[in-house]
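Chain by chain, the residues:
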Amino acid sequence: MDDKGLFISLEGIDGCGKSSIIAYLNSKLDPDQLVNIREPGGTVLSEIIRDMLLNDECNYNMEVETEALLYAAARSQVVTQVIKPALLQGKMVLADRFIDSTIAYQGYGRGLDIPYLQAMNRFCTGGLKPHLTILLDLEPELSYSSRKSQAPDRIEREGMDFQKRVRWGYLQLAAAEPNRITIINAAQDFDRVSQLVLVRVQQAIDEQKE
Ligand code: TMP
């Protein structure tokens with residue numbers, strides 16, 4: 001159903017520089033063709049779920065299973081209400097996180113059953129996957145030194161070992177799907193990282209036109 005549009009997701013551990021790269025891509029790509037979403041979020045209900053997940057006033061003693069289900073619920077809404085309609089219109093959807101975050105964070109980070117999470121992802125996306133996923137790979141030690149000044153959220157507070165497991169999970173996912181997931185070393189300076197990302201995105205745009 002989505003063969004007209006192009007779906008690109010950006011992934012990486014907390015503090016890997018995703019937001020700056022997304023801002024950069026927005027400055028380079030045709031704004032009329034571009035739909036940005038962030039996960040969790042992107043619809044009214046998904047943003048309310050985001051608050052439940054990440055806002056300290058809303059997530060009393062959240063169980064890890066609850067956490068996984070809430071990410072899936074937020075995803076289900078944004079897929080049906082925003083991503084699929086945009087792809088049908090031939091737009092480019094740029095997603096700040098998607099299915100791989102759940103496998104990396106709830107699977108490798110929290111230790112939940114990965115085949116179950118994969119099935120849950122299929123359930124809430126109808127099997128939709130990005131055409132291209134950019135993994136901004138960074139060692140957690142480096143991400144901590146560049147951490148944004150605002151207070152860390154519930155997931156960021158999980159600490160270094162958690163982020164290391166998440167990074168390892170992302171690398172496993174990239175090894176399993178090398179055609180979809182492109183790893184970019186995010187420890188390089190911003191100009192280099194942003195250029196590499198733009199070249200890869202442009203390549204995906206060109207392939208889509210062929
Ligand atoms: P961010 O918008 O700053 O990337 O924050 C989202 C947080 O939620 C980040 O710590 C990663 C986490 N997350 C999961 O644990 N599982 C998921 O499925 C998604 C989409 C995000």
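Up top you'll find the structure we're talking about.
Residues numbered from 1 in each chain as written. Predicted model: local features only at pLDDT ≥ 70, side-chain atom pairs only at ≥ 80, totals over all residues. Heavy atoms only, no water.

Caption draft 1: Structural detail: the nonpolar core. Formed by 49 residues in total, the largest nonpolar core has its most connected members in L10, L25, L136, V197 and V201. Among the elements that make up this core, the one with the highest residue count is helix α8 (residues 190–209) (six residues). Core analysis: the second largest hydrophobic core is formed by 14 residues, F7, V35, V82 and A95 among them. (Core = buried A, V, L, I, M, F, W, Y, C linked by side-chain atoms within 4.5 Å. Buried < 20%, exposed > 50% of the residue type's maximum accessible area, 1.4 Å probe, protein only. Helix = DSSP H or I, 4+ residues; strand = E, 2+ residues; numbered from the N terminus.)

Caption draft 2: How the structure looks around the site of the ligand. Near the ligand lie 14 residues; those nearest to it are D14, Y71, R97, T102 and Q106. Interatomic distance of 2.8 Å between a side-chain N/O atom of D14 and an oxygen atom of the ligand. K18 has a polar side-chain atom sitting 3.3 Å from an oxygen atom of the ligand. Out of a free accessible area of 480 Å², the ligand has 95% covered by protein chains. Contributions of two or more residues to the shell around the ligand are made by α2 (44–54), α3 (64–88) and α4 (99–109). Considered class by class, the residues forming the shell around the ligand number four nonpolar, three polar and seven charged. (Near = heavy atom within 4 Å. Polar contact = N/O pair within 3.5 Å; in protein donor to acceptor, adjacent residues only side chain to side chain. Areas by Shrake-Rupley, 256 points an atom, 1.4 Å probe, with all protein chains shown as cover. Nonpolar A, V, L, I, M, F, W, Y, C, P; charged D, E, K, R; others polar.)

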